[in-house]
Amino acid sequence: MRKWLLRAIEAAVITVTVAAVCQELEKPKDERCWNGKLGLVPYDFRLPTINRFKETFWNEDTDRIFTKAAFGVGWGINFYALLEKMRIVGDFYLTEDDFLMPTESLRKILENRPAIS
C-alpha cells in the first residue's frame, strides 16, 4: 500500500511538472516567465536566488505557512510563520488579561457592557 501511494505521488508530481513546462513552451518566447500556476499548483523554474529562498522558508511579512516553492512545483514551508504560530518566535507579549480574555472581540464586549448595580 505504501509503495502504491509513493508511486501515485511521483506520477502526480511528474505530470504537473511536464504540464507546467508545456504551458510555458506554448507561450511566445518573449512572454515566457517560467513561473506561474497550473490550476491551483504554483511552479517556478527560474534559477533560485537567496531572496526567493528567504521569501519561501523565512518570510516575516506574511502569516501564511505554505508559500510558493522557491524552485520547482508545489509549495514550501514558511518556518517563520510556523514557529510564530507555535509562539516560539515573533513579537508577542502575554499578560494575565490575554489568558483571561484571549480575543479582542471579547475585550470589546466586556468593556462596553452596562454596569451592574
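Our structure is the block above this text.
Notes on the structure follow. This is a predicted model, so every value here is computed, not measured. (Residues numbered from 1 in each chain as written. Predicted model: local features only at pLDDT ≥ 70, side-chain atom pairs only at ≥ 80, totals over all residues. Heavy atoms only, no water.)

1. Quick notes on the overall build of the protein
Summing up its helical and strand segments, the protein has five helices and five strands in all. Helices and strands appear in the protein in the N-to-C order α-β-β-α-β-β-β-α-α-α. For the protein, the proportion of its 117 residues judged to be buried stands at 17%. A sequence separation of at least 24 residues applies to 25% of the contacts in the protein between residues at least 6 apart. (Helix = DSSP H or I, 4+ residues; strand = E, 2+ residues; numbered from the N terminus. Buried < 20%, exposed > 50% of the residue type's maximum accessible area, 1.4 Å probe, protein only. Contact = heavy atoms within 4.5 Å.)

2. Some remarks on the layout of surface pockets
Looking at the largest pocket, its volume works out to about 150 Å³. If you list the elements that add at least two residues to the lining of the largest pocket, you get helix 2 (50–57) and strand 3 (66–68). At three residues, helix 2 tops the list of elements feeding residues into the lining of the largest pocket. When grouped by side-chain class, the residues that make up the lining of the largest pocket number two nonpolar, four polar and six charged. (1 Å grid on protein atoms, 1.4 Å probe; cavity = no way out; pocket = protein on both sides within 12 Å on 5 of 7 lines; lining within 4 Å. Points joined across faces, edges and corners; volume = space filled by probe spheres on them. Nonpolar A, V, L, I, M, F, W, Y, C, P; charged D, E, K, R; others polar.)

3. Examining the pairing of strand 1 (residues 35–38)
Note: strand 1 against strand 2 (residues 41–44), four bridges, orientation antiparallel. Its bridge partner being in strand 2, G36 is matched across the sheet by Y43. With antiparallel pairing between neighbouring strands as the criterion, strand 1 and strand 2 make up a hairpin whose turn holds two residues, including G39 at a positive phi of roughly 70°. (Pairing = 2+ DSSP bridges.)

4. With respect to the packing of aromatic side chains
Throughout the structure, instances matching the rule amount to three aromatic pairs. Geometrically, the ring pair formed by W58 and Y80 is edge-to-face, given 5.2 Å between the ring centres and 75° between the ring planes. Taken together, the positions of W58 in the loop between helix 2 and strand 3 and Y80 in helix 3 (residues 79–85) put the pair 22 residues apart, joining distant regions of the chain. For W58, a relative accessible area of 34% corresponds to the partly exposed category. Looking at Y80, the relative accessible area reads 11%, which means it is buried. (Phe/Tyr/Trp six-rings, centres within 6.5 Å; stacked < 30°, edge-to-face > 60°.)

5. Quick look at unusual backbone geometry
Phi is positive for W34, close to 60°, though the residue is something other than glycine. Overall, the relative accessible area of 28% leaves W34 in the partly exposed class.

6. Things to note about the environment of L25
Topologically, L25 is positioned in helix 1 (residues 2–26). Those residues in contact with L25 that lie beyond four places of it in its chain are R32 and W34.

7. Regarding the pattern of salt bridges
Under the counting rule described, the total for this entry stands at four salt bridges. With a closest N to O distance of 4.0 Å, R7 and E10 form a salt bridge. Of the two residues, R7 and E10 both sit in helix 1, three residues apart, roughly one turn of that helix. For E10, a relative accessible area of 44% gives the class partly exposed. Between E24 and K27 there is a salt bridge; the shortest N-O distance is 3.0 Å. Each of D44, R46 and R52 takes part in salt bridges that share partners, so that together they form one network. (Salt bridge = Lys/Arg side-chain N within 4 Å of Asp/Glu carboxyl O.)

All we've got here are geometric facts, nothing functional implied.
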